[in-house]
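Chain and residue survey
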Amino acid sequence: MTTVLHPAAGAALSTEAAGFRDKLLGHLTHTIGKGQITATDRDWYNVTALAVRDALAERWMETLRRVYAHDGKRVYYLSLEFLLGRSLIRNLLVLGQLEICREALGDLGVDLDRVAEQEPEAALGNGGLGRLAACLVDSMATIGLPGYGYGIRYDYGMFAQYLTGDGQQREMPDDWLRYGNRWEFARPELTFSVRFGGRVESGTDAEGRPARRWVDCQEVSAMAYDQLLAGYGNGMVNNIRLWASRSTEFNLSVFNQGNYIDAVREQQRAASLSRVLYPDDSRAEGRALRLKQEYFFVSASLQDILRRFAKQHPDLALLPQKVAIQLNDTHPAVAVAELMRLLIDDYGLEWEPAWDITVNTFSYTNHTLMPEALERWPVSLFGELLPRHMEIIFEINHRFLDEVRTRFPGDGDLIRRLSLIEEGYERFVRMAHLAFVGSHRVNGVARLHTELMKSGTFADLHKALPGRIVNETNGIAPRRWLNQANRPLADLISRHIGDGWVRNLPDLARLEPAATTDGDFLAAFADIKRQNKERLARLIAETHKVTVDPASLFDVQVKRIHEYKRQLLNALGIVARYVRLREGRGDDLVARTSLFAGKAAPGYATAKLIIRFINDVARTINADPVARERMCVVFLANYNVSLAEVVMPAAELSEQISTAGTEASGTGNMKLALNGALTIGTRDGANIEIAEEVGEENLFFFGLTADEVTAHRDRGYRPMDTVAANPELAHILDLIAGGHFSPGDRDRYRPLVDLLTRFGDHYLLTADYADYVACQARVEAAYRDPDAWTAKAALNTVRMGRFSSDLTVRGYARDVWGVAPLAEYV
């Protein structure tokens with residue numbers, strides 16, 4: 001087929017492009033109700049999405065037919081987040097129709113790239129957790145697994161981040177559904193009732209047996225929306241089913257009496273459940289809404305799963321043989337109690353068989369080791385909203401602790417630590433404990449993380465329930481993060497080894513000879529990096545009105561803003577370089593552009609202060625003629641998948657500098673390394689495994705290990721002593737505390753300095769500071785040799801094959817779910 005990128009109107013088209021053009025024009029007339037003269041770019045986006053969705057739907061119907069005929073085990077992935085990003089270009093690539101579509105639109109005088117920019121981003125997640133979920137469901141379809149996602153169709157996704165003139169984060173609604181979602185299929189016929197509140201009373205079931213009944217509840221309806229996700233090059237299409245909340249009733253009599261507000265109050269209350277991702281939980285109302293959201297999507301999903309199972313299987317004992325349910329972190333952990341409620345109260349099972357089914361159906365992925373980040377709910381709140389589930393959790397806890405007492409008699413402290421209920425002035429339900437006890441497998445997401453689960457956070461549960469913890473190191477989808485995000489590099493790779501790597505990323509290893517000895521390949525690799533840096537520089541100039549030098553080192557830290565991720569340590573290093581330049585000691589510094597991006601939770605005051613500090617540092621440096629020759633700092637606003645697809649290919653240095661032992665895995669580290677960025681980082685999360693693959697000589701490690709972090713804390717780390725022993729660090733902190741970066745508000749950043757000094761420096765920035773600065777000097781020395789740097793960057797790319805999410809999903813399928821791909825789609 002001859003590819004014509006932008007043919008003049010009326011030029012000869014390939015057969016495929018002519019057929020695609022006819023579909024576009026058909027949807028323009030019959031679906032949108034417009035003609036070519038009045039069609040806008042958004043209209044062309046809509047008709048293009050609809051034409052692509054048509055192709056996906058045909059494949060979906062065939063996939064469902066084969067899945068039902070096969071009657072094998074299916075995987076259901078429950079996640080409060082799915083950070084999908086834009087779908088148009090991805091779907092065109094996986095269907096092999098990107099250039100066909102470009103040609104068809106070009107014949108109509110329309111530019112595909114401009115059309116693709118009209119797509120709103122489905123920001124239904126907040127960073128790694130939601131993006132991992134999206135990568136895993138992508139990989140399920142690509143390797144041929146019948147797997148489905150379940151989540152919430154938020155009216156407003158993760159907030160849009162706006163930076164004020166003085167550098168503060170402000171949150172704006174992300175109205176991604178303003179123009180509708182052309183990729184989804186609404187299912188108004190598929191709704192489930194979800195209940196809250198009420199009370200529990202004793203009664204009898206249909207057979208006259210004693211039973212507990214949940215009565216006098218408030219009810220909302222969960223309505224299904226399906227979004228299709230196609231596997232790459234194999235014809236398989238799975239779906240993500242998202243739930244929207246609806247009221248079960250409208251009070252017409254009250255409305256007719258003129259009380260319009262009361263008449264719609266119930267509808268508004270119900271709709272709030274799926275209104276916003278992560279409501280601010282700094283207030284009691286926000287916490288209650290968050291718990292209701294979690295139960296809402298869990299209940300609807302389990303009812304749907306049991307409905308589908310019952311179509312072919314009348315015996316519930318077969319559920320673990322036909323259904324695997326993965327809990328993505330603790331947000332869906334209430335599913336353990338809900339499945340027990342459904343099996344006992346609605347299906348009439350006795351406790352023991354219901355518990356056996358439940359444990360063998362669920363598995364749980366842990367994403368954090370920090371105790372403060374493990375979800376807990378006050379027993380008072382939980383019991384008020386979900387009284388029947390509170391009873392069930394108490395019973396689970398009673399039976400579990402009885403078993404523990406039998407095995408470990410007399411160990412009262414162990415019982416207290418293992419209890420699903422945390423006792424104290426206020427009692428809490430420990431959701432991670434519930435997920436662990438109610439699952440047959442519990443996995444970490446990097447080898448270090450998994451070992452720390454066994455020896456630290458979950459040591460007692462590992463002792464009581466040995467053999468449940470396994471490791472499944474995270475991965476990323478190469479379709480999105482290389483084949484789509486970095487088309488020039490993808491084309492270079494495919495010219496050398498073919499395109500099989502898109503479905504089998506370990507094939508990149510075949511490029512190792514070229515990455516080490518082929519001068520032409522390395523020159524092309526370097527030229528692609530330069531092109532990607534120029535593209536990002538243009539975007540920064542357009543959106544942030546800052547000019548950056550594409551010849552400078554692009555130093556990137558893009559991730560959720562949190563103290564443990566230590567954006568503040570990076571900022572301290574920037575201030576150190578700034579001071580050296582101002583004092584005339586910076587002649588040996590290479591030109592560097594430091595790029596930050598990420599959102600802070602609306603109620604997280606410290607993280608928001610860090611954002612403001614970075615922006616004040618940027619304002620100071622970028623306005624300083626002395627520093628500006630060697631330094632530039634930019635905080636990129638409203639970080640999302642689309643922005644990441646521009647940043648990742650352009651990055652040269654990847655800052656992965658979390659306190660050792662705090663980052664479960666990380667996936668940004670993988671995306672950046674795959675695109676040829678060298679890592680500077682601690683021995684934390686998946687950094688360790690990345691180093692094993694790419695070679696420690698091709699990245700830069702610094703700082704305390706996880707064991708050393710523990711030792712520092714155990715002996716009572718004294719940051720003031722460290723600061724006193726380091727004159728440079730002391731000077732920097734004095735500058736910050738003295739208002740150098742906040743003229744007119746001297747004490748603005750005193751709280752940050754106090755965190756690092758007076759209040760113990762919990763994340764040990766001062767302990768790692770000197771080694772971090774020394775490591776950055778090694779980075780600068782390496783960057784002065786561009787050929788050697790390019791060789792290291794190329795080796796990072798070609799040695800990252802292990803970190804495909806396809807391999808991660810194969811590990812889950814083998815070790816956790818016990819499910820095999822459909823042979824037709826392998």
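Below, the structure is looked at part by part.

**Points about the overall build of the chain**
Counting its secondary structure elements, the chain contains 35 helices and 24 strands. Taken against the 2.2 N^0.38 rule, which gives 28 Å for 826 residues, the C-alpha radius of gyration of the chain at 28 Å falls within 12% of a compact globule. In terms of overall dimensions, the chain has a C-alpha envelope of 85 × 75 × 60 Å along the principal axes. In the chain, which comprises 826 residues, the proportion classed as buried is 60%. A separation threshold of at least 6 residues defines the contact pool for the chain, and within that pool the share at least 24 residues apart is 76%. Total accessible area computed for the chain in this model is approximately 31,100 Å², and 51% of it derives from carbon and sulfur atoms. Side chains of the chain give 96 positive and 108 negative charges; the mean places of these two sets differ by 1 Å.

**Focus: the layout of surface pockets**
Each pocket or cavity is described by its volume, and for the second largest pocket that value is around 1,400 Å³. If you trace the second largest pocket, you find 44 residues lining it, with Arg86, Glu117, Ser642, Glu645 and Val646 closest to the centre. Elements supplying a minimum of two residues to the lining of the second largest pocket: helix 3 (88-95), helix 4 (98-107), helix 5 (112-116), helix 19 (478-484), helix 20 (487-497), helix 22 (519-544) and helix 26 (641-650). No other element matches the eight residues that helix 22 contributes to the lining of the second largest pocket. Among the residues forming the lining of the second largest pocket, the class breakdown is 18 nonpolar, nine polar and 17 charged.

**Considerations on the packing of helix 1 (residues 15-32) against helix 2 (residues 41-70)**
Relative to each other, helix 1 and helix 2 sit at 115°, their axes nearing to 9 Å. Taken together, the axes of helix 1 and helix 2 lie roughly perpendicular to each other. Here helix 1 runs over helix 2; the crossing is right-handed. For the pair helix 1 and helix 2, the contacting residues are Phe20, Lys23, Leu24, Leu25, His27, Leu28, Thr31 and Ile32 in the first and Asp43, Trp44, Asn46, Val47, Thr48, Leu50, Ala51, Val52 and Asp54 in the second. The class makeup of the residues in the contact of helix 1 with helix 2 is ten nonpolar, four polar and three charged.

**Some details on the packing of aromatic side chains**
In the structure shown here, the tally under the stated rule is 16 aromatic pairs. Here the aromatic cluster, defined as three or more aromatic residues joined through ring pairs, consists of Tyr76, Tyr148, Tyr150, Phe192 and Trp243. Here the basic side chain of arginine 74 rests over the ring of tyrosine 68, its NZ or CZ set 4.3 Å away from the ring centre. The ring centre of phenylalanine 196 lies 5.1 Å from the NZ or CZ of lysine 292, which sits over that ring.

**Quick word on the sheet that holds strand 16 (residues 428-430)**
In space, the three strands of this open sheet follow the order 14-16-15, with antiparallel pairing throughout. At either margin of the open sheet sits one strand with a lone partner, and together these are strand 14 (376-378) and strand 15 (421-422).

**Remarks on the sheet that holds strand 23 (residues 678-681)**
With parallel pairing, six strands are arranged side by side in an open sheet as 21-20-19-22-23-24. Both outer strands of the open sheet, strand 21 (631-636) and strand 24 (700-701), are each paired with one neighbouring strand and no more. Across four bridges, the pairing between strand 22 (residues 653-656) and strand 23 is parallel. Across the sheet, glutamate 655 pairs through a bridge with isoleucine 680, a residue of strand 23.

**Here's the deal with the environment of proline 786**
Within the secondary structure, proline 786 is located in helix 34 (residues 786-798). In this structure proline 786 comes out as exposed when scored by relative accessible area, which is 52%. As for proline 786 and alanine 551, which are separated by 235 residues in sequence, their C-alpha atoms are 11 Å apart.

**Observations concerning the nonpolar core**
The tendency in soluble globular proteins is for nonpolar side chains to be buried side by side. If you look at the biggest cluster of nonpolar residues, it comprises 291 residues, and the most contacted ones within it are Phe296, Phe382, Phe400, Phe613 and Trp817. At twelve residues, helix 2 tops the list of elements feeding residues into this core. Every residue in contact with phenylalanine 400, bar those within four places of it in the chain, is listed here: Leu418, Leu420, Val437, Leu461, Ala464 and Leu465.

**Topic: helix 26**
The element helix 26 is largely enclosed, with a buried count of ten among its ten residues. Along helix 26, the residues classified as buried are Val641, Ser642, Leu643, Ala644, Glu645, Val646, Val647, Met648, Pro649 and Ala650. By the N-cap criterion, in which a side-chain oxygen at the helix start approaches the backbone nitrogen of a residue two or three places on, helix 26 is capped by asparagine 640, the distance to serine 642 being 3.3 Å.

**Side note on the pairing of strand 4 (residues 147-152)**
Counting buried residues along strand 4, six of its six residues qualify, which places the element largely inside the surrounding structure. Across the two faces of strand 4 the burial is the same, with Gly147, Gly149 and Gly151 and Tyr148, Tyr150 and Ile152 all buried. Two elements, strand 1 (residues 74-78) and strand 4, share four bridges in a ladder whose sense is parallel. Across the sheet, the residue bridging to tyrosine 77 is glycine 149, located in strand 4. Bridging between strand 4 and strand 11 (residues 237-247) involves four bridges; their strand directions are parallel. The residue bridging isoleucine 152 from the neighbouring strand is tryptophan 243, located in strand 11.

**Some thoughts on the environment of isoleucine 497**
Along the polypeptide, isoleucine 497 turns up in helix 20. Given the relative accessible area of 12%, isoleucine 497 is considered buried. Considered as a pair, isoleucine 497 and glutamine 656 are 159 residues apart in the sequence and their alpha carbons are 30 Å apart. If we skip the residues at most four places from it in the chain, isoleucine 497 touches Asp507, Leu508, Arg510 and Leu511.

**Regarding the packing of helix 1 against helix 4**
As a packed pair, helix 1 and helix 4 sit with axes 8 Å apart at the nearest point and diverge in direction by 65°. You can see that helix 1 and helix 4 cross each other, and the crossing is right-handed. In contact with Glu16, Ala17, Phe20, Arg21 and Leu24 of helix 1, helix 4 contributes Ile100, Cys101, Glu103, Ala104, Leu105 and Asp107. Within the contact of helix 1 with helix 4, the residues separate by chemical class into seven nonpolar, no polar and four charged.

**Points about the side chain of glutamate 338**
Along the chain, glutamate 338 falls in helix 11 (residues 335-346). When near neighbours in sequence (up to four residues on either side) are disregarded, glutamate 338 contacts Tyr295, Val298, Ser299, Leu302 and His389.

**Some remarks on the pairing of strand 10 (residues 218-230)**
Burial within strand 10 is extensive, with eleven of its 13 residues counted as buried. Pairing between strand 7 (residues 184-196) and strand 10: ten bridges, direction antiparallel. Following the sheet pairing, valine 194 is matched in strand 10 by valine 220. Pairing between strand 10 and strand 11: eleven bridges, direction antiparallel. Across the sheet, the residue bridging to methionine 223 is alanine 244, located in strand 11. Here strand 10 hands over to strand 11 after six residues, with glycine 233 in that stretch at a positive phi of 70°.

**Some remarks on the pattern of salt bridges**
Taken as a whole, this structure holds 69 salt bridges when the rule is applied. Here aspartate 460 and arginine 417 are joined by a salt bridge, their closest N and O atoms 2.6 Å apart. Placement of aspartate 460 in helix 18 (residues 459-464) and of arginine 417 in helix 15 (residues 412-418) is noted, with a sequence separation of 43 residues between them. A relative accessible area of 21% means that aspartate 460 is categorised as partly exposed. Overall, arginine 417 belongs to the partly exposed group, its relative accessible area being 33%.

What counts, and at which threshold
- Position numbers for residues count from 1 along each chain, tracking the sequence in the order it is written.
- The model is predicted, so local features are restricted to residues of pLDDT at least 70 and side-chain atom pairs to those at 80 or more, both for listing and for counting; the totals for chains, interfaces and linings are taken over all residues.
- The side-chain quantities take in all heavy atoms of the structure and omit both hydrogens and water.
- Segments assigned H or I by DSSP are reported as helices when at least four residues long, segments assigned E as strands when at least two residues long, and all are numbered from the N terminus.
- Radius of gyration here uses only the C-alpha atoms, and the compact-globule reference equals 2.2 Å multiplied by the residue count raised to the power 0.38.
- Think of it in three bands: with a 1.4 Å probe and only protein chains considered, a residue is buried below 20% of the maximum accessible area for its type, exposed above 50%, and partly exposed in between.
- By the convention used here, residues are in contact when the closest approach between their heavy atoms is within 4.5 Å.
- All accessible-area figures derive from a Shrake-Rupley calculation using a 1.4 Å probe, and residue coverage is judged against the displayed protein chains alone.
- The charged-residue count follows a simple rule in which Lys and Arg add positive charge and Asp and Glu add negative charge, with His and chain termini not counted at all.
- For this purpose, a charge sits on NZ of Lys, CZ of Arg, CG of Asp or CD of Glu.
- Within this scheme a cavity is a closed region of a 1 Å grid, computed over the protein atoms alone, that accommodates a 1.4 Å probe without allowing it to escape, whereas a pocket is open but has protein on both sides within 12 Å along at least five of seven lines; lining residues each have an atom within 4 Å of a point.
- Grid points are joined across faces, edges and corners, and a volume is the space filled by probe spheres set on the points.
- In this count, Pro and Cys sit with the nonpolar residues alongside Ala, Val, Leu, Ile, Met, Phe, Trp and Tyr, while Asp, Glu, Lys and Arg are called charged and the others, Gly among them, polar.
- Lines fitted to C-alpha atoms define the axes, with helix axes restricted to the stretch in contact, and inter-axis angles between N-to-C directions lie between 0 and 180 degrees.
- Note on angle classes: values under 35 degrees are labelled roughly parallel, values over 145 roughly antiparallel, values of 65 to 115 roughly perpendicular, and the remainder oblique.
- Note: crossing handedness is left-handed where the near helix turns anticlockwise from the far helix by less than a right angle, and right-handed where it turns clockwise.
- The criterion for an aromatic pair is that two Phe, Tyr or Trp rings (for Trp, the six-membered ring) have centres within 6.5 Å, with stacked assigned to planes under 30 degrees apart, edge-to-face to planes over 60 apart and tilted to the rest.
- Here, over-ring charges are defined by two tests on the NZ atom of lysine or the CZ atom of arginine: distance to the ring centre within 6 Å, and angle to the ring normal within 35 degrees.
- Strands pair, by our definition, only if DSSP identifies at least two bridges between them.
- In plain words, nonpolar cores are sets of buried Ala, Val, Leu, Ile, Met, Phe, Trp, Tyr and Cys residues tied together by side-chain atoms within 4.5 Å.
- Counting of polar contacts relies on pairs of N or O atoms within 3.5 Å, with two restrictions inside protein: one atom must be capable of donating a hydrogen and the other of accepting it, and residues adjacent in sequence are counted only when both atoms are side-chain atoms.
- In the sections that follow, a salt bridge refers to a side-chain nitrogen of Lys or Arg positioned within 4 Å of a carboxyl oxygen of Asp or Glu.

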